[in-house]
Amino acid sequence: MKIREVKLTSFRPPLPAGTDVPTLYGGQSIGAYVSDFLAVQLITDEGITGEVVSAYGGLSLAHSIADRLRPLLIGRDPAYREAIWQDMWRRDRLLYTTQFAIGTVDVALWDLYAKSLNAPLYQLLGGVRDKVPVYASSMEHPSIELFVEEALKYKAMGYQAYKMHVWGDARRDIELCTAVRKAVGDGWPLMIDVAGNYNQQQALMVGKVLEELDYHWYEEPLRDFDLHGYRYLADKLDVPICGVEVVGGSMYTTPEYIATRAVDIVRADVSFKGGIGPLKKIAGLCEAFGMNLEVHTNANTIIDAANLHVIASIANSEYFEQLVPEALFTLAGVEKIRIDGEGFAHVPPGPGIGARIDWELVERYKVCEI
Amino acid sequence: MKITSVKANLLQPNPHPFRWKEEWPAMTIQHVLLRIGSDEGHEGQCITWLLNPGEVEHALPGLRSALVGRDPHEVEAISYQLTDSLRSPTPMASTVDICLWDLLGKHHGEPIYRLLGAARNRMKAYASTVMYETVPEYVQCAAECYEQGFRAFKLHAFGVPDKDIEVCRAVHEAFGGRMDLMLDPVNAYDRLGAFKVGKVLEDLGFYWYEAPLPDSDLVGLADLSRSFRIPITATESVKDGLREYPKYLAGGVVDSVRSVGDWIGGITAMRKSAALCEAFNAKYEPHSYGTTHVQAAHFHVMLAIHNCDFLEIPVPQGILDVGMRDVIRCGADGYVDAPTRPGLGYDVDWAMIDKLTQREL
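Quick notes on the rules
- Residues numbered from 1 in each chain as written.
- Chains lettered and ligands numbered in written order.
- Predicted model: local features only at pLDDT ≥ 70, side-chain atom pairs only at ≥ 80, totals over all residues.
- Helix = DSSP H or I, 4+ residues; strand = E, 2+ residues; numbered from the N terminus.
- Rg over C-alpha atoms; globule rule 2.2 N^0.38 Å.
- Buried ≥ 20, exposed ≤ 12 C-beta atoms within 10 Å, placed from the backbone.
- Domains from an automatic or database assignment.
- Contact = placed C-beta atoms within 7 Å.
- Nonpolar A, V, L, I, M, F, W, Y, C, P; charged D, E, K, R; others polar.
- Expected span 1.5 Å × (residues − 1).
- Arc of directions from axis to C-beta.
- Pairing = 2+ DSSP bridges.
- Axes fitted to C-alpha atoms, helices over the stretch in contact; angles between N-to-C directions.

J.: Even after reading the chapter, I still don't get the overall build of chain A, so can you show me in this structure?
T.: When its secondary structure is counted, chain A shows 14 helices and 15 strands. For a compact globule of 370 residues, the expected C-alpha radius of gyration is about 21 Å, and chain A comes in at 20 Å, within 12% of that figure. Expressed as lengths along the three principal axes of its C-alpha atoms, the size of chain A is roughly 60 × 45 × 35 Å. Within chain A, buried positions represent 56% of all 370 residues.

J.: Honestly, the domain arrangement of chain B in this entry has me stumped. Any pointers?
T.: Interfaces are often sized by the amount of accessible area the parts lose when they come together. Residue and element names in this part refer to chain B. Taken domain by domain, chain B holds domain 1 (3-110 + 348-360) and domain 2 (114-337). On the side of domain 2, 35 residues touch domain 1, which itself brings 41 residues to the contact. The set of elements that each furnish at least two residues to the side of domain 1 that touches domain 2 consists of β2 (31-38), β3 (43-47), α2 (75-82), α3 (91-108) and α13 (350-356). With ten residues, α3 is the single largest residue contributor to the side of domain 1 that touches domain 2. Counted by class, the side of domain 1 that touches domain 2 contains 20 nonpolar, twelve polar and nine charged residues.

J.: When you look at helix α5 (residues 135-148) of chain B in this model, what are you seeing that I'm missing?
T.: It helps to recall that an α-helix has 3.6 residues per turn; residues three or four apart then point in one direction. Residues and elements named next belong to chain B. The end-to-end C-alpha separation of α5 is 20 Å, in line with the 20 Å expected for 14 residues at 1.5 Å each. Those residues of α5 not exposed but buried are Y138, A142 and C145. Here the buried residues of α5 occupy an arc of 65° about the axis, which is enough to place them on one side. Summarising the geometry of α5, the exposed residues directed more than 90 degrees from the buried face are P136 and E147. The inward-facing, buried residues of α5 contact β4 (122-128), β5 (152-155) and α6 (161-175).

J.: It is not clear to me how the sheet that holds strand β1 (residues 3-11) of chain A should be interpreted in this structure. Could you clarify?
T.: Sheet strands line up and pair through hydrogen bonds in the backbone, either parallel or antiparallel. Residues and elements named next belong to chain A. Strands sit in the order β5-β4-β1-β15 across an open sheet of four strands; the sheet is antiparallel. Taken across any chain shown, the strands that pair with only one partner, and hence form the sheet edges, are β5 (49-53) and β15 (366-369). Averaged over neighbouring strand pairs, the angle between their axes works out to 15° when direction is ignored. When β1 meets β15, the two strands line up antiparallel, connected through three bridges. Looking at the pairing, F11 lines up with K366 of β15. Against the sheet, helix α1 (residues 58-73) engages β1, β4 (37-44) and β15, with an angle of about 175° to β1. Its contacts with the sheet put helix α3 (residues 101-116) on β4 and β5, and the angle it makes with β5 is roughly 140°.

What follows is the structure, given as structure tokens:
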């Protein structure tokens, strides 16, 4: 089987009715992240197509893939995923490929190969489970009350934990964390993600409170590149420190964080780290060190399903992350990823990634095709 | 697809006595054919060489209750269950893992390396010797290997520094520049001996220097790795595998990691070990010494990664190809092509297996 054509369709669906533009970290809009997508199709000479919808990127991602990666893909056999990935990776040194380009293409390659064998992706990766505990992952809300309300709502729905994207203002965040812990009671796992908005002193101050409140992990308190800051925090705090998801360099930059114990839990996903192949490798790296990998998800059902397949094929990972409100983050799929009343996300059935792209939606909101 | 049967043929011991260094007496190699059958009529098979037949007999009832009824696609979960989450891998669990991947390949009609994600479809091979009594025998063996196409050659020498220096010089004099040369004294030296030999190998431009010290001597290995420009490779005797390797990489103890995949948890564990090494920008050079199936299990992992240079083939070629219709041989250009048949891709010779079988379990 050979790849004959790489079809790139950028599309911009509107935000679902009744939803506000989501914001994070002091009012920064992330509207584009949940509505500017690229559908990638790898079309073969045998009529099988590998496909995925990117996390963000839209038209700029399309140009990047068209100019720099498409020439490396035409004529290739999707069984040679490692070879193709290495080609993309090595040339990236000079091609300055847009973030997510390699990862998005790699996911489409794995989808293609798995479809050619009529097998769900996680089974080819070596299955561990077909459902994964899920946590609700918040947007920024203007008030503590709204966070509390949301936490209670998802607890009642059976979700197994709740992660807040906090404001990034240390004193207010402490108030927030305290109030949410009080509202949900002891024993239900809570996490926060600061997305790098504290300085080291603020990070330490909040971390000490999280320890007392028995938070499950403390994510990206500093910008990921601040290796020494992370070591300082990991030394001083008992609450598990979680990071590295936005560090570039795929798997190759992770060992330093692990070996110097700058983080206790590694974060990664298929988009940031270059696809299914590298994410599975990072899981192996973490396992060798006795550590967990917690997979980041974000933008839409299709790319998140790809992340879910990897989680289902590794034992050293606790959760699937469902950003909420779900309506904002479950575009592009015919169906959503099924989350049951016990708080498990189920791997979509069917070959490849399994999640079916809503082509009607893609067509309706198509920006262009290249 | 469901597993329906777990069977084993205990085969006659290998008639050839094996010795790889002076301090070890010649060993008798036992062979077992493990067979894991599915409801689709496929069978995952692996003929072993490091598995004690008594261990197989003891393990079979437990394996049957763990495996029958399971989908082999759950290989990651099954391997975890059989190895205490890879904390205690065994030859038995490793063999099961290899059989499961063979079964998966056969189910999907694909060679395993393609399932894993192919990086290439051929590998350069090196000839890996047994221990000979005299220096001329090594030179003779190297000549035969060169004739057969090998362009790389690894000596299992005597494990005695002065004698090993002599044999390395002799082989280098005959084939230096025409074959890449490696030495594996199988952990036999002390630190002084390791430095003495290392200096000579560096002068002779050996490709790597393997297992000079006990794998437990991390300080000594780190000292060697820092002191020599030729790569130091080790860790083959580290039977727990994946969870033991980080200290060798993070501490700069070795330049590349070696594994016995048929000890450390099979293809599943090797794949993770390769990823660990890749993240550290280090080579992963697992052995592939053993029966055809054991060679093949390693070969598939090597074909699916790019941070590995060589496939190891025991020489004289054929000494461990027990009960096979298909075998792995070095091509005239020093390379071995990937198998094209599904699974491990090398079929057994059932008439031969019948003849060799002492007991069926």
